[in-house]
Amino acid sequence: MYASDTIVAPATAPGIGAVAIVRLSGPRALEILGAIFRPAHFAELTPRMMRLGDVVDPATGARIDRALAVVMPRPASLTGEDVAEIQCHGGPFVVRRIVALAVSAGARIAKPGEFTRRAFLNGRIDLAEAEAVADIVAARSDSALAIAIEQLSGALSARVAELRAQVIAIRAHLEVEIDFSDEDIRLPSRREVAAEIERLIADVAVLHDSFARGLLMRDGVRATIVGKPNAGKSSLLNLLLGSDRAIVTAIAGTTRDVIEDSVQLGPYALVLNDTAGVRESTDDVERIGIERTIRSARDADLLIAMFDSSRPLESADLDVIRLTAGRPGLAILNKRDLPAAISAADLRERGLGLPILPFSAINLDEGTTLRAELSKEIVALISGSSLVGVGPEPSPNLSRNVTGEGSEAATAASAGNQIAISRERHRDALAMALAALKNARTSALSLMPPEIVAVDIMAAASALGSITGEVSGEDVLDAIFRDFCIGK
Ligand code: GDP
């Protein structure tokens, strides 16, 4: 239900900062601001003009803070309602005091996501755009920002609307058949209707299948380093992370004893899984690490397989080769500064399919090459190509077992340029639309009455409509806005 009261909340994160923003929205927002804010030089606040003044307690007349305030009258505001904001000094106590003053003056503390929810309910943004707001806040890489801002700008919504319009056009054809079946006019044949549905199925499937790419762009590519003890896994990890200390984030897992480190490679985040496992002492790795490594490798999008070129191949190396079978990744033939006991050819002979990079993890200068090679594998993965040999210029020292013709380079360059979905809710809605369209195609071809075909066509339209919120229940809205913070 749409609540039409006036809400208030800090719009900035709790804690100390230079500035904090307290935001009000609702029919009494301007009146409440008028009660607690006194402009220094003007009697009235002009819409969308920042004014300096004092926040005051109307009960006592006491001044609370010197601040800036702005009013944004409806309907052209964030929420579509009257909105007022106070930019005060960024201390938790002063912010609490100002929120409390607004509450005494008649506002209610906002629930998580309630501002954005009101923006949706007032038609200021659609549901996919509201979700994009949360994605921008959560973004950890340029690619995550790119996919979210594209969604916020309405690119996904426009594509979904286009598909939905095509579905509705099919229903129009069916309605002609329902209404005029007795008359002597030319109706689209069932074959034509089925062919149109077929085309739509292909288009909806493209968007549905973009989920894998969208998720990699949004959350980063998860990689696991595998290799026998002493192959140089920790050294490689330190080289990767150390070269980019400034933007490394360490995330302590809460449910499992897993630590992830993430490093920025070009526009993408490479999330290194289970780095705690890699850093453990050799004994521990042997005792408990194997199973965990296998599990972590199974979850990874990309494997980094380490081999020690200064030592003969052992059964543990063969295990690593087996683990990488059919998986995307990069093999590192480490310790090339030492006399070689094995070569890339030996690994190939034992069935290793990954590109192989001769390497020395103790040589800091090699970090650049490593990052470049990993970036190429990420681009290949994200552009949906699992072929090895992707990339415009093959590196002179990189050994690959298949050489691709350059045509994938274009795909690699355009990785992420097409619209992609990155939310399970969108993927599920598209899957429902696909299932309904397939049913419609079957009924169209088996000459079912047009009313029956129309039921599935309408189910497809409403599944597509649920992405942008054309049709959505309270439960869906609750689930979406619950993940927002208060004040958003
Ligand atoms: P992990 O057990 O796979 O994590 O291996 P570490 O990274 O701990 O490395 C094992 C040993 O090999 C350490 O003494 C490293 O300094 C050494 N090491 C790692 N990479 C290289 C390399 O490229 N060349 C040489 N000479 N030593 C290396």
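My aim in this report is to walk through the structure given alongside it, one point at a time.

Before going further, it helps to examine the overall build of the chain. Regarding its fold elements, the chain presents 18 helices and 14 strands. In the chain, 69% of the contacts between residues at least 6 apart in sequence involve partners at least 24 apart. Taken as a whole, the chain presents about 23200 Å² of accessible surface, with 56% of it coming from carbon and sulfur.

A few words on the packing of helix α16 (residues 424–445) against helix α17 (residues 450–468). One way to put it is that α16 packs onto α17 with a least axis distance of 8 Å and a crossing angle of 165 degrees. Viewed along their axes, α16 and α17 adopt a mutual orientation that is roughly antiparallel. Here α16 runs over α17; the crossing is left-handed. Residue-level inspection shows Arg 425, His 426, Ala 429, Leu 430, Met 432, Ala 433, Ala 436, Leu 437, Asn 439, Ala 440, Ser 443 and Ala 444 of α16 in contact with α17, the latter providing Ile 452, Val 453, Asp 456, Ile 457, Ala 459, Ala 460, Ala 463, Leu 464, Ser 466 and Ile 467. Classifying every residue of the contact of α16 with α17 by side-chain character gives 16 nonpolar, four polar and two charged.

This brings us to helix α12 (residues 315–323). Taken residue by residue, α12 has Asp 317, Val 320 and Ile 321 as its buried positions. Buried residues along α12 cover an arc of 100 degrees about the axis, so they all sit on one side. Exposed and oriented more than 90 degrees from the buried face of α12 are Ser 315 and Arg 322.

Around the ligand, the surrounding shell holds 15 residues, and the nearest of these are Asn 230, Lys 233, Ser 234, Ser 235 and Asp 337. Taking Asn 334, its side chain carries an N or O atom lying 3.1 Å from a nitrogen atom of the ligand. For the ligand, a nitrogen atom lies 2.8 Å from a polar atom in the side chain of Asp 337. Here the ligand loses 73% of its free accessible area of 580 Å² to cover by the protein chains. When residues of the shell around the ligand are assigned to their parent elements, the largest contribution, three residues, is made by helix α9 (residues 233–242). A breakdown of the residues in the shell around the ligand according to their chemical character gives five nonpolar, six polar and four charged.

Here helix α2 (residues 92–104) spans 18 Å end to end across 13 residues, near enough to the 18 Å set by a 1.5 Å rise per residue. Gly 106, located one to two residues past α2, shows a positive phi value of around 125 degrees.

Core analysis: the largest hydrophobic core is formed by 33 residues, its most contacted members being Val 167, Ile 197, Val 204, Leu 437 and Ile 457. Sorting the residues of this core by element identifies α6 (155–180), α7 (190–209), α16 and α17 as the ones contributing at least two each. When neighbours within four sequence positions are excluded, Val 167 is seen to be in contact with Leu 200, Leu 437, Ile 457, Ala 460, Ala 461 and Leu 464. Residues Leu 239, Leu 270, Leu 302 and Phe 359 belong to the second largest nonpolar core, which totals 32 residues.

Inspection of the entire model under this criterion finds 27 salt bridges. A salt bridge links Asp 54 to Arg 66; the shortest N-O distance between them is 3.2 Å. Linking Asp 54 in strand β4 (residues 51–56) with Arg 66 in strand β5 (residues 63–72), this pair joins segments that are twelve residues apart in sequence. Taking relative accessible area as the criterion, Asp 54 reaches 13% and is therefore assigned buried.

Looking now at the packing of aromatic side chains. Here the structure, examined in full by the defined rule, presents zero aromatic pairs. A cation over a ring is seen here: Arg 23 above Phe 115, with NZ or CZ 5.6 Å from the ring centre.

Time to look at the pairing of strand β11 (residues 268–272). Along β11, five of the five residues are buried, which leaves the element largely enclosed by surrounding structure. Bridge count between strand β8 (residues 221–227) and β11: three bridges; the pairing is parallel. When the bridges of β11 are listed, Val 221 appears paired with Leu 270.

Bringing the sheet that holds strand β7 (residues 108–109) into the picture now. Across the sheet, which stays open at both edges, the seven strands sit in the order β3-β4-β5-β6-β2-β1-β7 with mixed pairing between neighbours. Since the sheet does not close on itself, it has two edges, and those belong to β3 (37–39) and β7, each with one partner. Relative to β7, strand β1 (residues 7–10) runs parallel, the two being bridged by two bridges. For Ile 7, the partnering residue across the bridge sits in β7 and is Arg 108. Relative to the sheet, helix α1 (residues 29–36) contacts β2 (17–25), β3, β4, β5 and β6 (83–90), its axis offset from that of β6 by approximately 35 degrees. Its contacts with the sheet place helix α3 (residues 114–121) against β1, β2 and β7, and it is angled at close to 135 degrees to β1.

Rules and cut-offs
Within every chain, residues take consecutive numbers counted from 1 along the sequence as written. Residue-level local features of this predicted model are given only where pLDDT is at least 70; pairs of side-chain atoms are given and counted only at 80 or more, and the full residue set underlies all totals for whole chains, interfaces and linings. Side-chain calculation: all heavy atoms of the structure are included, whereas hydrogens and water are not. Put simply, DSSP marks the helices as runs of H or I at least four residues long and the strands as runs of E at least two long, and each gets a number from the N terminus on. The contact criterion used throughout is that any non-hydrogen atoms of two residues lie within 4.5 Å. Using a 1.4 Å probe, the Shrake-Rupley method yields the accessible areas, and only the shown protein chains count as cover for residues. Here the axes come from fitting lines to C-alpha atoms, over the contacting stretch only for helices, and the angles between their N-to-C directions go from 0 to 180 degrees. When an angle is under 35 degrees it counts as roughly parallel; over 145 it counts as roughly antiparallel; between 65 and 115 it counts as roughly perpendicular; any other value is oblique. Each helix crossing is assigned a hand: it is left-handed if the near helix lies turned anticlockwise from the far helix by less than a right angle, otherwise right-handed if that turn is clockwise. Ten residues, namely Ala, Val, Leu, Ile, Met, Phe, Trp, Tyr, Cys and Pro, are considered nonpolar, four, namely Asp, Glu, Lys and Arg, are considered charged, and the remaining ones, Gly among them, are considered polar. Partly exposed describes any residue whose relative accessible area lies between the buried limit of under 20% and the exposed limit of over 50%, with all areas from a 1.4 Å probe on protein chains only and scaled to the type maximum. Each C-beta atom gives one direction from the helix axis, and the arc is the one those directions make. Residues are classed as near a molecule or strand on a simple rule: at least one heavy atom within 4 Å of it. Any pair of nitrogen or oxygen atoms within 3.5 Å is treated as a polar contact; in protein, a donor-acceptor pairing is required on top of that, and neighbouring residues in sequence qualify only through side-chain atoms on both sides. Working rule for helices: expected span equals 1.5 Å times residues minus one. Definition of nonpolar core: a set of buried residues of the types Ala, Val, Leu, Ile, Met, Phe, Trp, Tyr and Cys, connected through side-chain atoms within 4.5 Å. Think of a salt bridge as a Lys or Arg side-chain nitrogen and an Asp or Glu carboxyl oxygen that are within 4 Å of each other. Pairing of aromatic side chains here covers Phe, Tyr and the six-membered ring of Trp, requires ring centres within 6.5 Å, and sorts the geometry by plane angle: under 30 degrees stacked, over 60 edge-to-face, intermediate tilted. A ring is considered to have a charge above it if a Lys NZ or an Arg CZ atom is located within 6 Å of its centre and within 35 degrees of its normal. One requirement defines pairing of two strands: DSSP has to find at least two bridges between them.

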